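# Working through the structure, step by step
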Amino acid sequence: MNGMADSSIPNMQRIEVRDLAKSYKVGGRRVDALRGVDLTIDEPGFYGVMGASGSGKSTLLHLLSGLDNADRGTMLVGETSVNELDEQALTMYRRRSVGVIFQKFNLLPTLTALENVVLPGVLEKLPPAELDARGRSLLEDMGLSDRSDHRPDALSGGEQQRVAIARALFFSPAILFADEPTGNLDMVSSDRLWSVLERLAGERKMIVLMVTHEAEAAARCRQVFVLRDGRNAGVIDAEELDPSELAARAASVAGPV
Ligand code: ADP
Ligand code: MG
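The structure contained in this document is the topic of the report that follows. (Residues numbered from 1 in each chain as written. Chains lettered and ligands numbered in written order. Predicted model: local features only at pLDDT ≥ 70, side-chain atom pairs only at ≥ 80, totals over all residues.)

### Points about the overall build of the chain
Rules: Secondary structure elements are taken from DSSP: a helix is a run of H or I of four residues or more, a strand is a run of E of two residues or more, and numbering for both begins at the N terminus. The atom set for the radius of gyration is the C-alpha atoms, and the globule formula is 2.2 Å times the number of residues raised to the power 0.38. Exposure criterion: with C-beta atoms placed from backbone coordinates, a residue whose C-beta has 20 or more other C-beta atoms within 10 Å is buried, one with 12 or fewer is exposed, and one in between is partly exposed.
A count of helices and strands for the chain gives eight helices and 10 strands. The globule rule puts the C-alpha radius of gyration for 257 residues at 18 Å, and the 18 Å found for the chain is close to it. Seen through its principal axes, the chain has C-alpha atoms that stretch 50 × 40 × 40 Å. Taken across its 257 residues, the chain has 46% of its residues classed as buried.

### A short note on the pairing of strand E10 (residues 231–237)
Cut-off, in case you're wondering: Criterion used throughout: strands pair if DSSP finds at least two bridges between them.
Bridge analysis of strand E9 (residues 223–228) against E10 gives six bridges, and the strand direction is antiparallel. Its bridge partner being in E10, Arg 228 is matched across the sheet by Arg 231.

### Things to note about helix H5 (residues 157–168)
Applied cut-off: To estimate the expected span of a helix, subtract one from its residue number and multiply by 1.5 Å. Note on contacts: each residue gets a C-beta atom placed from the backbone, and two residues are in contact if those atoms are within 7 Å.
With 12 residues, H5 should reach 16 Å at 1.5 Å per residue; the first-to-last C-alpha distance of 16 Å fits that figure. Taken across its 12 residues, H5 has 11 buried, putting it largely inside the fold. The secondary structure elements touched by the buried residues of H5 are strand E6 (98–101), helix H3 (113–123), helix H4 (128–141), strand E7 (175–179) and helix H6 (187–203).

### Some remarks on helix H1 (residues 57–64)
Burial runs high along H1: seven of the eight residues are buried. Considered for burial, the residues of H1 that qualify are Lys 57, Thr 59, Leu 60, Leu 61, His 62, Leu 63 and Leu 64. At the C-terminal side of H1, Gly 66 shows a positive phi close to 75 degrees.

### Looking at the nonpolar core
Side chains of a nonpolar character, in soluble globular proteins, are inclined to be buried together. Formally: Each nonpolar core reported here comprises buried Ala, Val, Leu, Ile, Met, Phe, Trp, Tyr and Cys residues connected via C-beta atoms within 7 Å.
Among the nonpolar cores identified, the biggest contains 75 residues, and Leu 197, Val 208 and Ala 218 are the most heavily contacted of them. It is H6 that contributes the most residues to this core, six residues altogether. Discounting chain neighbours no more than four positions away, the residues touching Leu 197 are Phe 46, Ala 178, Val 208 and Met 210.

### Remarks on the pairing of strand E2 (residues 29–41)
Relative to E2, strand E1 (residues 15–26) runs antiparallel, the two being bridged by 10 bridges. Looking at the pairing, Glu 16 lines up with Thr 40 of E2. The hairpin turn running from E1 into E2, its antiparallel successor, is two residues long, and Gly 27 in that turn takes a positive phi close to 60 degrees.

### Looking at the site of ligand 1
Convention followed: Using a C-beta atom placed from the backbone, a residue is described as near a molecule or strand when that atom lies within 6 Å of it. Each residue receives one of three labels: charged for Asp, Glu, Lys and Arg, nonpolar for Ala, Val, Leu, Ile, Met, Phe, Trp, Tyr, Cys and Pro, and polar for the others, Gly being one of them.
Neighbouring ligand 1 are the residues Tyr 24, Val 26, Val 31, Ala 33, Gly 51, Ser 53, Gly 54, Ser 55, Gly 56, Lys 57, Ser 58 and Thr 59. Listed by contribution, the elements that provide at least two residues to the shell around ligand 1 are E1, E2 and H1. Residue classes in the shell around ligand 1 are distributed as four nonpolar, seven polar and one charged.

### Some points on unusual backbone geometry
Positioned with a positive phi, Asp 19 is a non-glycine residue whose angle comes to about 55 degrees. Relative to the helices and strands, Asp 19 is located in strand E1. One non-glycine residue, Glu 180, adopts positive backbone phi at about 45 degrees.

As far as function goes, none of this settles anything; it's purely spatial.
Spelled out as structure tokens, the structure:
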């Protein structure tokens, strides 16, 4: 085995979600975060999730990433039925099959950029030379070759997020989930990050599924799935739309987003 794509992992270029439901108990009250959501992606590319705050976007990504259990419904990611994985298989799924990035970059502050990137490989005890080669190659791909020895607090927000992406790509997943990845970034850094994500979707033939409020990002997507109150509100074919058209369309489906 090497640190590159593991051929034992099936090529995962589809996501099929059916009737996905999830509620949380808060005090004595039940909050229905998802009330039966469907979603189909069967080609690599850049896809968006939009919807008002509280509509269930983060919950959807959490469940797809295997970070939480669904109450009802099915999630097929490639050949993997995510809700049927046991604890051990789920750990492997999270580490190898999908990449996940969040609004907070979640880097370890005491580690350098390179050390953060190779962490998934360290957990799987890959040889040091391979960790180093793979880590440097990913940092280079993110335009961060000259930042490999910097700790997170010596990097800009945009750089930190690109380190987080490099880490998420360590085992060459076919799918990347991103929950408001530009939420803490300025316009210029956001723009750069969207370009990186869009490029990954194209060059690596990945599915990149991203939650965003920003019409500029959503307009780069093939399709945008709009949620409203834990349900599907509509799917927007975004390819032909400019950001203002996209924003108007999303608002008419979801209410203001
Ligand atoms: P969004 O990302 O679209 O803003 P979320 O998926 O985070 O929405 O939340 C959907 C609903 O579920 C909200 O009402 C939220 O308060 C609730 N919720 C989300 N996560 C939790 C949690 N861990 N515990 C309790 N309630 C939660
Ligand atoms: Mg959210």
